Amino acid sequence: MKRLGLLSLLFILWATVSSAQEEFTAGQLKLRSDIETFLKEEGYVPEIDSDGDIKFKKEGKTNYIEVSKVDKSPMYVRMYRFYSYSESFTREKIVKTLEKTNLKKGVKVLCFDNSYFYQSEQYLNNAETFKFTFYQLQDQLEAIQAQVAELCSD
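By convention here, each chain's residues receive numbers from 1 onward along its written sequence. Side-chain atom pairs in this predicted model are given and counted only at pLDDT of 80 or more, local residue features only at pLDDT of at least 70, and totals for whole chains, interfaces and linings cover all residues. Think of the side-chain values as coming from all heavy atoms in the structure, minus any hydrogens and water.

Draft legend 1. Structural detail: the overall build of the protein. Scanning the protein from terminus to terminus reveals 4 helices and 6 strands. Secondary structure elements follow DSSP: runs of H or I of four or more residues count as helices, runs of E of two or more count as strands, with numbering from the N terminus. Ordering the α and β elements of the protein from the N terminus gives α-α-β-β-β-β-α-β-β-α. A total of 154 residues make up the protein; the buried ones form 36% of that total. Across the protein, the fraction of contacts at a sequence separation of at least 24, relative to all contacts at a separation of at least 6, is 58%. Only the protein chains shown count as cover for residues, with accessible areas throughout obtained via the Shrake-Rupley method and a probe of 1.4 Å. Just so you have it, the protein exposes about 9700 Å², and 56% of that area is on carbon and sulfur atoms. Think of it in three bands: residues with accessible area under 20% of the maximum for their type are buried, residues over 50% are exposed, and the middle band is partly exposed, with areas taken using a 1.4 Å probe on protein chains only. We call two residues contacting when some pair of their heavy atoms lies within 4.5 Å.

Written out as structure tokens, the structure is:
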């Protein structure tokens, strides 16, 4: 019985390590490249970070675009900004805003132990939909960030 448990544990560890080392497919790389090209055409200076995400700044705010290695058709794309909590933006204050800020929006606020995110998610087959929605989602990111700031200042 111990042997079976040990084998199960080893399999779970192997599966976790294997999935963490999964490489991008050709389609995922093309999507990431097409998004990066679009950002350059729009005047941004994107770069690929150590996680393989696209990183770029818009009006001084760092944005990330992640193409998931897991989903292949359609592909999962997440655009986000993350921040560490501060005196003005504590976890408790951010959590209190979630009901108002996450209602009926394409951009959501997520709280974690040491940080919080503003993010949008899409499933895409190519970069055309991303190009079409990019500025709308950026506007929503700005709006929800301003709404959180207002609610946290109360």
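Draft legend 2. Spatial organisation of unusual backbone geometry. The peptide bond linking S73 to P74 adopts the cis configuration, its omega dihedral lying at 0°. Following the sequence through the fold, P74 ends up in the loop between β3 (61–67) and β4 (75–84). Even without being glycine, E59 reaches a positive phi, approximately 50°. Tracing the sequence through the fold places E59 in the loop between β2 (54–58) and β3. Given a relative accessible area of 66%, E59 falls into the exposed group.

Draft legend 3. How the structure looks around the nonpolar core. Counting 29 residues, the largest nonpolar core has I35, L39 and I65 as the members making the most contacts within it. With 8 residues, helix α4 (residues 127–153) is the single largest residue contributor to this core. Among all residues touching I65, those that are not within four sequence positions of it are I35, L39, D53, I54, F56, V77, R78, M79 and F130. Here, nonpolar core refers to any group of buried Ala, Val, Leu, Ile, Met, Phe, Trp, Tyr and Cys residues whose side-chain atoms link them within 4.5 Å.

Draft legend 4. Geometry of the packing of helix α2 (residues 26–41) against α4. Angles run from 0 to 180 degrees between N-to-C directions of axes, and those axes are lines fitted to C-alpha atoms, restricted for helices to the stretch in contact. One can describe the packing of α2 onto α4 by two numbers: an axis separation of 10 Å at closest approach and a directional angle of 40°. Here α2 runs over α4; the crossing is right-handed. For the pair formed by α2 and α4, the contact residues are L31, D34, I35, F38 and L39 on the first element and A127, F130, K131, F134 and Y135 on the second. Across the contact of α2 with α4, the residue classes tally to 8 nonpolar, no polar and 2 charged. Whether a crossing is left-handed or right-handed is set by the direction in which the near helix is turned from the far one by less than a right angle, anticlockwise for left-handed and clockwise for right-handed. Charged means Asp, Glu, Lys or Arg here, nonpolar means Ala, Val, Leu, Ile, Met, Phe, Trp, Tyr, Cys or Pro, and polar covers whatever is left, Gly included.

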